[in-house]
Amino acid sequence: MKRKISKIITALFLALFSIAAVSNAQNTGSDKLSIKEQKIVPIAAFTANGEISKLKIALNQGLNDGLTINEIKEILVHIYAYAGFPRSLNGINAFMTVLDERKAKGIKDKSGKEASHVPAGFDKFTYGNKVRNNLVGTDMSKPKGGYQVFVPAIDRFLVEHLFADIFFRDVLTHQERELVTISTLAAMTGTEAQLKSHLKIAINTGYSESQLKEYIIILKNNVGADTAERAAIVLGELQGSTYTAAGMQAVKVIKKAEPVKASSDYFTGNVTVESIFASEIPNSYSGGVVNFKSGSRTAWHTHPYGQTLIVITGHGLVQSEGEPVQKIMPGDVVWIPANKRHWHGAAPDSDMSHVAISEPGNGSTVKWMEHVSDEQYNK
């Protein structure tokens, strides 16, 4: 009876997996990697190659650009299956340090979704085989040779632990997990055969050729030429072409996305953010377009290396602490010095949009403080 119930439970989750697998493939209509996917690549690569100082920068940038704490935890956990516990644990310890430093600066990062619990009686062997077969695109559950027959124990570990215990965790999609995997394998030497297999799986999950080329450019610009070249050569072998990282198109166009509502912890009124961008050079500038409805504004805040604002539409206000409020109009460029308390926003009778650009110091671009009161604003 227990065995029958176990099979029913597993069948239900396999059905859900099949739906999720189709959804993953259908959701990759864009020929560009999302901001989230772009930030996964250097985090995985620096964890795998052990460059902790660069990993800390990548972790800060990932958090700044929308990765949640639990998503990054899941990336670091996933990596141990491909790079080993030492690299994974070093990455986790680095992440703990980054979070402590950000907390000390008053930065509130989102925890994000928790992984779903594995139900009692879950048949890991059946589920794991189904997941692997879907990813690989062929039935590997009845091997006739190779490592699976030579060392059947490791095959069972792969099926029940990696493709069941780990892949069941739904904080990351299976497609995102493959992006973590190929970024990890590209950052290590001697793993070209596995990288080739997982690049093929990445294609099976829905990644397009142009997205994988973009992944190589991200490796080139953010991780290293050797890592990017290794991935380019292997992708070329897989596609029957000759690719080099140096020959990959370097110009990137980030298409305008739907505006995201700004956090009420840091803004008063109706404020949205869109067209978020960041330099491909680590620890360099980032920014976005910020749209303020009339009367809305930022909280008091500072930037470690200052900030540049370029007003696009409407008219607004900016004030540095201890100085009078200044009006800003379309075409105006505003420079705010490093570590100077200030606020900016729309005028009481006009909406306003501006581009905001700043550089990080120790991985953070801004330190938020208290809200601007109505009395301060109305002055």
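Everything that follows concerns the structure shown earlier in this document.
(A) Spatial organisation of the overall build of the protein. Per the secondary structure count, the protein includes 13 helices and 13 strands. Counting the 379 residues in the protein, one finds 46% classified as buried. In the protein, the share of contacts with a sequence separation of at least 24, taken over all contacts with a separation of at least 6, comes to 73%. As displayed, the protein has an accessible area near 18700 Å², and 56% of this comes from carbon and sulfur atoms.

(B) Region of interest: the pattern of salt bridges. For the coordinates displayed, the defined rule picks out 17 salt bridges. For the salt bridge of Glu-176 with Lys-36, the shortest nitrogen-to-oxygen distance reads 3.1 Å. Within this pair, whereas Glu-176 is found in helix 9 (residues 174-186), its partner Lys-36 is found in helix 2 (residues 35-49), the two being separated by 140 residues in sequence. Judged by its relative accessible area of 10%, Glu-176 falls in the buried class. The shortest N-O distance in the salt bridge between Arg-341 and Glu-370 comes to 2.8 Å. With Arg-341 in the loop between strand 10 (333-336) and strand 11 (342-346) and Glu-370 in the loop between strand 13 (367-368) and helix 13 (374-378), this pair connects stretches of sequence that are 29 residues apart. Through salt bridges with shared partners, a single ionic network connects Lys-36, Glu-71 and Glu-176.

(C) Highlighting the environment of Glu-359. Positionally, Glu-359 belongs in the loop between strand 12 (352-358) and strand 13. When the C-alpha positions of Glu-359 and Gly-287 are compared, they lie 8.6 Å apart, and in sequence the two are 72 residues distant. With residues up to four places along the chain from it excluded, the contact list for Glu-359 reads Ser-284, Tyr-285, Pro-304, Tyr-305, Gly-306, Ser-364 and Thr-365.

(D) Quick look at the layout of surface pockets. By volume, the second largest pocket amounts to about 490 Å³. At the level of secondary structure, the elements contributing two or more residues to the lining of the second largest pocket comprise helix 4 (69-83), helix 6 (124-136), helix 8 (152-166) and helix 10 (192-204). For the lining of the second largest pocket, the leading source of residues is helix 10, giving 8 residues. Of the residues belonging to the lining of the second largest pocket, the class tally is 13 nonpolar, 5 polar and 3 charged.

(E) Looking closely at unusual backbone geometry. Residue Ser-275 is not a glycine yet carries a positive backbone phi of 50°. Summarising the element assignment, Ser-275 is placed in strand 3 (residues 271-278). Residue class for Ser-275 comes out partly exposed when judged on its relative accessible area of 27%.

(F) Summary view of the pairing of strand 8 (residues 316-320). In terms of burial, strand 8 is a largely internal element, 5 of the 5 residues being buried. The two faces of strand 8 match: Gly-316, Val-318 and Ser-320 on one face and Leu-317 and Gln-319 on the other face are all buried. Examined bridge by bridge, strand 8 and strand 9 (residues 326-328) share 3 bridges and lie antiparallel to one another. Residue pairing for strand 9: Leu-317 is matched across the bridge by Lys-327. Taking the residues between adjacent antiparallel strands as the criterion, strand 8 and strand 9 are bridged by 5 residues, where Gly-322 takes a positive phi near 85°.

(G) Representation of the packing of aromatic side chains. Counted under the stated rule, the structure contains 10 aromatic pairs. Between the aromatic rings of Tyr-80 and Phe-85, the centroid separation amounts to 4.3 Å while the plane-to-plane angle is 15°, which identifies the pairing as stacked. Take Tyr-80: its relative accessible area is 18%, and that puts it in the buried class. When the centroid spacing of 5.2 Å and the interplanar angle of 35° are considered together, the rings of Phe-163 and Phe-167 count as tilted.

Rules and cut-offs
- Residues numbered from 1 in each chain as written.
- Predicted model: local features only at pLDDT ≥ 70, side-chain atom pairs only at ≥ 80, totals over all residues.
- Heavy atoms only, no water.
- Helix = DSSP H or I, 4+ residues; strand = E, 2+ residues; numbered from the N terminus.
- Buried < 20%, exposed > 50% of the residue type's maximum accessible area, 1.4 Å probe, protein only.
- Contact = heavy atoms within 4.5 Å.
- Areas by Shrake-Rupley, 256 points an atom, 1.4 Å probe, with all protein chains shown as cover.
- Salt bridge = Lys/Arg side-chain N within 4 Å of Asp/Glu carboxyl O.
- 1 Å grid on protein atoms, 1.4 Å probe; cavity = no way out; pocket = protein on both sides within 12 Å on 5 of 7 lines; lining within 4 Å.
- Points joined across faces, edges and corners; volume = space filled by probe spheres on them.
- Nonpolar A, V, L, I, M, F, W, Y, C, P; charged D, E, K, R; others polar.
- Pairing = 2+ DSSP bridges.
- Phe/Tyr/Trp six-rings, centres within 6.5 Å; stacked < 30°, edge-to-face > 60°.

Honestly, that's just the spatial picture; any functional story needs more than this.
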